[in-house]
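Residue-level listing of the chains:
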Amino acid sequence: MAIFDSSGRLTECSAEFAQLLGENPQVLLGRAYEELSLSSGNPALSLVRQAQETGRASSQNLALGEAHLRVSAQPLVTREGGAPHVAVTLMALDQEQAPRERMRQLETEFARLQALFENMPLTFWTVRPDGTPDYISRFWYTFTGLSPSQTDPAAWRQGIHPEDLPEIAQRWRRSLATGEPYEMECRYRRHDGAWIWHRSRGFPLRDAEGRILSWLSYSTDIQESRAAIERAEEERRKAEQVRAALDTFFDAVPAGMALFDDQLRYMRINRSLAEINGLSVEAHIGHTPRELFPDLDPHPEGLLRQILTTGETITFESTGKTKASDEVCTWLACTAPVRAPDGYHLGVASVIMDISLRKRTEAERDRLIAALERSNRELDQFAYVASHDLKAPLRGITNLAQWIGDDLKDIMTDETREQMRLLTGRVHRMEALINGILAYSRAGRVRDQPESIDVGALLTESIELLSPAPPASIQVETPMPLLHAERVPLQQVFLNLMGNALKHAMREDVLVRVRCTETADGWEFSIADNGAGISPEYHERIWGIFQTLRARDEVEGTGIGLSVVKKIVEARGGVVRVESAVGQGATFFFTWPKSTLKK
């Protein structure tokens, strides 16, 4: 048996084939069919050409000298297209039966192998000893979309990524030179243009003497496995970055942090906790808190064991001494269990903060609050006593002035009567000033019980108390809300602002307008008048205590009313302001929360 390639040259032959021709097998290799002892005029030549042109097997008897042979030509089709290879079999007629059966077996085996290669989802190819490809399986063309009609031996390069070609060429040359198998990874272009990673392996097929007859190679798709590896590597890289970030955070956070195992031994602590405890990081590892700090009260080890048992999160305070200082300190610990994915408690994580300064500050604050409350009580007592003791002589002066006026009314001159009137006015002003000081000392500090208030009804009552003399009037121009608030302070604000508007308008037909608008968290009330107005330079000054813009002899007042309004409103979370200009009246605004603030 012999194999002839598409150009008609012998590429392989059996010893029996050469023996029938009386030649050495090595001498026959590479010869054209015409150069064999089977002359060109021999009918067998037409069988080779017929097999190449028709692709069908054919046979014919042949006389070679004294021998009578049967010549069979079997085309061997490849995916390269063009003229096929041809297997030529010579069989002596007197030994025809056995070789014919062997030939059928070989043909069946060859067809089976060829079908296997053609239908597997892998790319197979064979390469001659000189490196020229002579067979590529059908899967290669299906995968790449290239045409089998391309006869260029280097056409396979079109399906390989240009960046991978240099390394492939280098490894292939090394295998050709050394005869060693090769393995490499490269990208093949799929028919849709996508580059898919494959792993290619190749190994030589040798004859009995070790000569390379051909190279058999195949490639497998490793895109998914490579992508999985890349994803795993990316996840590992991200995990390392997160780990590094957590390590940095763990050591940089200003609070102490510790991890305990299921035996409550320190597994890891940060530098802050080492500084708090006055021990190095290494001195903690492997020890329990009770071993290192036995005198803490309450001792945290019992609570940590409770966390391991119940899985709950616990925040607690502990007091004692550490190696860092001889002073008794207090720490706040926030602890939580560390769980495995299956829920098993691996240990405990704890964040510890030294709150000793805060505790001392809280103690000092409580002391100051107690002192302030005591001082306020004393101030209230003083204010009541002072107001009572100061009002008593004032009432006496008022009575004496009244008696003197009654006794001397027939002989007093007009000048004397005016002086008596001024005396009585000064006494009333002094009494109003004492009452104002008392009200200011209580404003914003003394709280009443909140109740449900109809602000519209409260305004009606306040207007009746003020009783503006016609043509002066007070008008409520918008609907008023219902509030849950302290009644007396709110009414005091309305009375002061409306009373000021009537008093300082400097006109008999003063008109006071009261409005209300809702805000995000409360109500804004406005009291506007058509009086003389206030210059912008005094808009802040008027809220100070004892501040008046006109002489008290011109307009009777203490200068305390607006300061009381400001103190009441701000103590309840509101704000006050004024909008005014000279000759354009004044509008006073104040806000009141929807809910009463706690004391």
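Cut-offs and rules
- Residues numbered from 1 in each chain as written.
- Predicted model: local features only at pLDDT ≥ 70, side-chain atom pairs only at ≥ 80, totals over all residues.
- Heavy atoms only, no water.
- Core = buried A, V, L, I, M, F, W, Y, C linked by side-chain atoms within 4.5 Å.
- Buried < 20%, exposed > 50% of the residue type's maximum accessible area, 1.4 Å probe, protein only.
- Helix = DSSP H or I, 4+ residues; strand = E, 2+ residues; numbered from the N terminus.
- Contact = heavy atoms within 4.5 Å.
- Axes fitted to C-alpha atoms, helices over the stretch in contact; angles between N-to-C directions.
- Parallel < 35°, antiparallel > 145°, perpendicular 65-115°, else oblique.
- Left-handed = near helix turned anticlockwise from the far one by under 90°.
- Phe/Tyr/Trp six-rings, centres within 6.5 Å; stacked < 30°, edge-to-face > 60°.
- Lys NZ or Arg CZ within 6 Å of the ring centre and 35° of its normal.
- pLDDT = per-residue confidence, 0-100.
- Salt bridge = Lys/Arg side-chain N within 4 Å of Asp/Glu carboxyl O.
- Pairing = 2+ DSSP bridges.
- Polar contact = N/O pair within 3.5 Å; in protein donor to acceptor, adjacent residues only side chain to side chain.
- Patch = residues over 30% accessible without salt bridge, like charges linked within 9 Å, V, L, I, M, F, W, Y side chains within 5 Å.
- Areas by Shrake-Rupley, 256 points an atom, 1.4 Å probe, with all protein chains shown as cover.
- Nonpolar A, V, L, I, M, F, W, Y, C, P; charged D, E, K, R; others polar.

(A) Focus on the nonpolar core. Residues F494, M498, F525, F588, F590 and W592 are the most contacted members of the largest nonpolar core, which totals 40 residues. Within the residue set of this core, elements represented by two or more residues are α14 (455-466), β18 (482-485), α15 (487-504), β19 (511-518), β20 (522-529), α16 (561-571), β21 (576-580) and β22 (586-593). Counting residues per element, this core draws most heavily on α15, which supplies 7 residues. Not counting the four nearest positions on each side in its chain, M498 is found in contact with L459, S462, I463, L466, I474, V512, V514 and I527.

(B) A look at the packing of α14 against α15. Following both chains from N to C, one finds α14 and α15 inclined at 50 degrees, their axes separated by 10 Å at the closest point. One finds that α14 runs oblique with respect to α15. The two elements α14 and α15 cross, and the hand of that crossing is right-handed. Only R487, L490, Q491, F494, L495, M498, G499 and L502 of α15 make contact with α14, whose side of the interface consists of V455, L458, L459, E461, S462, I463, L465 and L466.

(C) Summary view of the packing of aromatic side chains. Tallying each qualifying case throughout the model produces 12 aromatic pairs. Plain terms: the ring middles of W140 and Y188 are 5.2 Å apart, the flat faces sit at 85 degrees to each other, and that makes the pair edge-to-face. Of this pair, W140 sits in helix α5 (residues 138-144) while Y188 sits in strand β8 (residues 182-189), and the two are 48 residues apart along the sequence. Residue class for Y188 comes out buried when judged on its relative accessible area of 5%. The interplanar angle of 85 degrees and the centroid separation of 6.4 Å between the aromatic rings of F590 and W592 together place this pair among those described as edge-to-face. An aromatic cluster is built from F494, F525, F590 and W592, whose rings are joined through pairwise contacts. Positioned above the aromatic ring of F589 is the side chain of R577, whose terminal nitrogen or guanidinium carbon lies 3.9 Å from the ring centre. The residue whose ring lies beneath K594 is W523, and the NZ or CZ to ring-centre distance is 5.9 Å.

(D) View of the confidence of the model for the protein chain. Per-residue confidence for the protein chain gives a mean pLDDT of 82; residues scoring 70 or more make up 85%. Here helix α4 (residues 97-119) stands out as the element of the protein chain with the lowest mean pLDDT, 68, in contrast to β19, whose mean of 95 is the highest. For residues 551-557, every residue scores under 50 in pLDDT, and the model assigns this stretch 14 contacts once sequence neighbours within four places are set aside.

(E) Highlighting the pattern of salt bridges. In total, this model carries 31 salt bridges according to the counting rule given. Among the ionic pairs, D192 bridges to R190, the shortest N-O distance being 3.0 Å. Residue classification places D192 among the partly exposed residues on the basis of a relative accessible area of 48%. With a relative accessible area of 29%, R190 lands in the partly exposed category. For R572, the salt bridge goes to E486, with nearest N and O atoms at 2.7 Å.

(F) Main features of the environment of L303. Relative to the helices and strands, L303 resides in helix α11 (residues 300-310). Taking the C-alpha atoms as reference, L303 lies 9.4 Å from T315; in sequence the two are 12 residues apart. Apart from the residues within four sequence positions on either side, L303 is in contact with I314 and F316.

(G) Spotlight on the sheet that holds β19. If you walk across this open sheet you meet the 5 strands as β17-β19-β20-β22-β21, and the pairing is mixed. Two strands lie at the open edges of the sheet, namely β17 (473-476) and β21, each paired on one side alone. Within the sheet, the average angular offset between the axes of one strand and its neighbour, ignoring direction, is 20 degrees. The sheet contacts of α14 involve β17, β19 and β20, and relative to β17 the element is tilted by about 180 degrees. α15 contacts β17, β19, β20 and β22 of the sheet and is inclined by roughly 175 degrees relative to β22.

(H) Spotlight on the environment of F589. Relative to the elements of secondary structure, F589 occurs in strand β22. In this structure F589 comes out as buried when scored by relative accessible area, which is 13%. Taking the C-alpha atoms as reference, F589 lies 4.4 Å from S526; in sequence the two are 63 residues apart. If we ignore the near neighbours within four places in the chain, the residues touching F589 are E524, F525, S526, V575, V576, R577 and E579.

(I) Highlighting the environment of E317. Structurally, E317 is set in strand β13 (residues 314-322). Residue classification places E317 among the partly exposed residues on the basis of a relative accessible area of 32%. With residues near it in sequence (within four places) discarded, E317 still touches P298, T330, W331, L332, I355, R358 and K359. Polar side-chain contacts of E317 include one of 3.0 Å to the side chain of K359.

(J) Region of interest: the pairing of strand β4 (residues 67-76). The pairing of strand β3 (residues 58-64) with β4 spans 7 bridges and is classified as antiparallel. Of the residues in β4, the one forming a bridge with S59 is S72. Pairing of β4 with strand β5 (residues 85-92), which is carried by 8 bridges, proceeds in the antiparallel orientation. Pairing of R70 across the sheet is with M91, part of β5.

(K) Spatial organisation of the side chain of S580. Along the chain, S580 turns up in strand β21. A distance of 2.6 Å separates the side chain of S580 from the backbone oxygen of G585, its partner in a polar contact.

(L) Spotlight on a nonpolar patch on the surface. A cluster of nonpolar residues, L400, W403, I404, L408 and I411, forms a patch on the protein surface that exposes about 510 Å² of accessible area. Residue position: I404 is located in helix α12 (residues 356-407).

(M) Seen up close, the packing of α15 against α16. As a packed pair, α15 and α16 sit with axes 10 Å apart at the nearest point and diverge in direction by 145 degrees. Once α15 is placed against α16, the crossing between them reads as left-handed. Counted together, P489, Q492, V493, N496, L497 and N500 of α15 and G561, L562, V564, V565, I568 and V569 of α16 form the full contact between these two elements. Tallied by class, residues from the contact of α15 with α16 come to 8 nonpolar, 4 polar and no charged.

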